[in-house]
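Summary of structural features
This is what each chain is made of:
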Amino acid sequence: MAKVVVIGGGYAGLACLIELAKKAPKTELSLIDGRAEHCKITNLHKTFAQPVADFQVPFTVLAERFGFAFHQQKLNFTAAELKVWQQTKKLPLADRELAFDWLVICTGSSPLLQSNSDNVFGLSALQDGQGPTLLDNWISEAATRRIELSIVGAGATGLQILFELQEQLRSKQIDYRLRLIDLGDRMASELPEGAHRYIHRKLRREEIDYLPETEFLCQEDDQILLAEQNSGREYRLPSIATLLFPGVQRAPFALPSNAFGQVEVDGQLLPGIFSAGDCADYAGNGLNQLSAQAALRKGKLVAHNIRSLNVGRGLRRYRYQEKGYLLSLGPVDAVGWLGLRGNLVKGFAANVLKEATESQYNLYLNGVDTYLDFP
């Protein structure tokens with residue numbers, strides 16, 4: 001019986017495990033992850049109003065559903081260790097060695113910028129369930145004064161959180177001001193130019209300050225320190241907290257991989273080690289974006305190729321192309337594209353499509369695969 005070990009239980013890791021559980025049921029499957037639950041990260045903007053548990057599934061539940069063993073442990077490694085694992089076909093855990101025939105690394109991504117300053121919160125704070133507490137604290141502050149909050153990062157994560165937070169603050173009828181700080185000169189760079197214009201109009205309409213080409217330096221007490229990109233001028237603005245979403249990078253480092261998903265270290269192919277998800281930097285022309293959409297398809301591809309190797313068939317290349325991209329702009333608004341990149345969708349219709357994609361993933365975690373395209 002072939003043994004497959006997956007490191008990382010995000011979108012890619014679970015996609016790989018689910019595919020193997022369904023299509024290679026005699027495979028012995030194991031998952032290693034430092035957290036106890038899988039988190040649907042694309043929904044974290046909703047956790048100011050809903051408990052984060054609504055968007056988590058315990059790995060023990062998924063392990064029972066799909067027949068894999070779960071080991072809760074954060075596993076750090078270097079490129080040199082990958083070579084050793086390829087040779088020994090054993091993975092050192094805290095309490096045992098875990099043998100494998102195929103290893104799949106799906107360790108995801110980490111923020112480009114982190115801050116240890118007080119009152120600076122990133123995605124991990126929301127994943128830890130701090131959203132409702134933070135919101136309550138800010139509302140309490142607003143009882144005695146006007147509050148100002150800063151969101152750093154105008155990518156999908158920052159924008160979704162900005163507009164969800166705005167909706168929650170507006171519903172409380174308090175005195176507040178929001179600002180969006182962007183190191184670049186265009187919001188939602190993963191979307192067509194028309195999406196930037198649509199979002200910009202909404203910012204003006206909602207009286208949210210937008211500061212493009214501006215660098216976040218730090219949060220100090222009740223002020224934020226910023227720097228203009230062009231002039232280098234530093235200045236301060238009132239801000240009781242900063243929500244920091246500057247983008248992500250492959251973690252713990254980029255894993256160069258061939259078009260089949262097999263890892264290459266220093267030009268050396270490691271045929272028994274695959275990568276998938278944000279950490280995986282695939283060769284070829286398939287979608288290589290750090291997104292849930294690409295992660296899931298890479299995970300499915302790796303599962304297919306492991307099955308093929310087990311029965312002596314040839315491997316498939318990763319050729320998946322993006323079918324669309326949508327981001328939420330509040331409870332009833334969204335913007336993005338579908339089918340063709342120039343086909344911009346927006347407003348309530350886009351929001352319905354966005355929610356449909358989330359429902360599709362929920363079905364997948366329950367064993368119903370509606371992803372008909374192959375990566």
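Further up the page is the structure itself.
Residues numbered from 1 in each chain as written. Predicted model: local features only at pLDDT ≥ 70, side-chain atom pairs only at ≥ 80, totals over all residues. Heavy atoms only, no water.

A word on the packing of helix H6 (residues 156-171) against helix H7 (residues 193-205)
Contact pair H6 / H7: the axes reach a minimum separation of 13 Å and the direction vectors enclose 30°. On the basis of the axis angle, H6 is roughly parallel to H7. Relative to H7, H6 is oriented so that their crossing is left-handed. Only Ile199, Lys202 and Leu203 of H7 make contact with H6, whose side of the interface consists of Leu159, Leu162 and Phe163. Class assignment for the residues of the contact of H6 with H7 results in five nonpolar, no polar and one charged. (Axes fitted to C-alpha atoms, helices over the stretch in contact; angles between N-to-C directions. Helix = DSSP H or I, 4+ residues; strand = E, 2+ residues; numbered from the N terminus. Parallel < 35°, antiparallel > 145°, perpendicular 65-115°, else oblique. Left-handed = near helix turned anticlockwise from the far one by under 90°. Contact = heavy atoms within 4.5 Å. Nonpolar A, V, L, I, M, F, W, Y, C, P; charged D, E, K, R; others polar.)

Things to note about the side chain of aspartate 333
Along the chain, the position of aspartate 333 falls in the loop between strand E23 (324-328) and strand E24 (334-338). Among the polar contacts listed, one links the side chain of aspartate 333 to the side chain of lysine 202, at a separation of 2.9 Å. A distance of 3.3 Å separates a polar atom in the side chain of aspartate 333 from the backbone nitrogen of glycine 347. Every residue in contact with aspartate 333, bar those within four places of it in the chain, is listed here: Tyr198, Lys202, Ser328, Gly347 and Asn351. (Polar contact = N/O pair within 3.5 Å; in protein donor to acceptor, adjacent residues only side chain to side chain.)

Things to note about unusual backbone geometry
A negative phi holds for most residues other than glycine; trans holds for most peptide bonds. Residue proline 252 is reached from alanine 251 by a cis peptide bond, and omega for that bond is 0°. Examined against the element boundaries, proline 252 turns out to sit in the loop between strand E18 (248-250) and strand E19 (255-257). With phi around 55°, glutamine 173 is a residue other than glycine that occupies positive phi space. Its location among the elements puts glutamine 173 in the loop between H6 and strand E12 (176-181). Relative accessible area serves as the criterion here: at 75%, glutamine 173 is assigned to the exposed category. (Buried < 20%, exposed > 50% of the residue type's maximum accessible area, 1.4 Å probe, protein only.)

Side note on the environment of isoleucine 147
Position of isoleucine 147 relative to the elements: it lies in strand E11 (residues 147-152). Between the C-alpha atoms of isoleucine 147 and alanine 2, which are 145 residues apart in sequence, the distance is 58 Å. Once residues lying within four places of it in the same chain are set aside, the contact partners of isoleucine 147 are Trp138, Glu141, Ala142, Leu169, Ile174, Asp175, Tyr176, Arg177 and Ile240.

Looking at the sheet that holds strand E10 (residues 120-121)
Strands sit in the order E10-E17-E11-E12-E13 across an open sheet of five strands; the sheet is parallel. Looking along the sheet, the strands with just one partner apiece sit at the ends: E10 and strand E13 (209-211). Strand contacts of helix H5 (residues 131-141): E10, E11 and strand E17 (241-244), with the helix running at about 145° to E11, the strand carrying the most contacts. (Pairing = 2+ DSSP bridges.)

A closer look at the packing of aromatic side chains
This structure, assessed with the given rule, holds ten aromatic pairs. Seen from their ring centres, phenylalanine 48 and tryptophan 138 are 6.4 Å apart, and the 45° between their planes marks the pair as tilted. With a gap of 90 residues between them, phenylalanine 48 in the loop between strand E3 (37-39) and strand E4 (56-58) and tryptophan 138 in helix H5 connect regions that are remote in the sequence. Like tryptophan 138, phenylalanine 48 is buried. Each ring, one from phenylalanine 77 and one from tryptophan 85, has its centre 5.7 Å from the other, and the planes form 55°; the classification is tilted. Judged on exposure class, the residue phenylalanine 77 and its partner tryptophan 85 are both buried. Linked through ring pairs, Tyr11, Tyr361, Tyr364 and Tyr371 together constitute an aromatic cluster. Between lysine 202 and the ring centre of phenylalanine 163, over which it is positioned, the NZ or CZ distance is 4.9 Å. (Phe/Tyr/Trp six-rings, centres within 6.5 Å; stacked < 30°, edge-to-face > 60°. Lys NZ or Arg CZ within 6 Å of the ring centre and 35° of its normal.)

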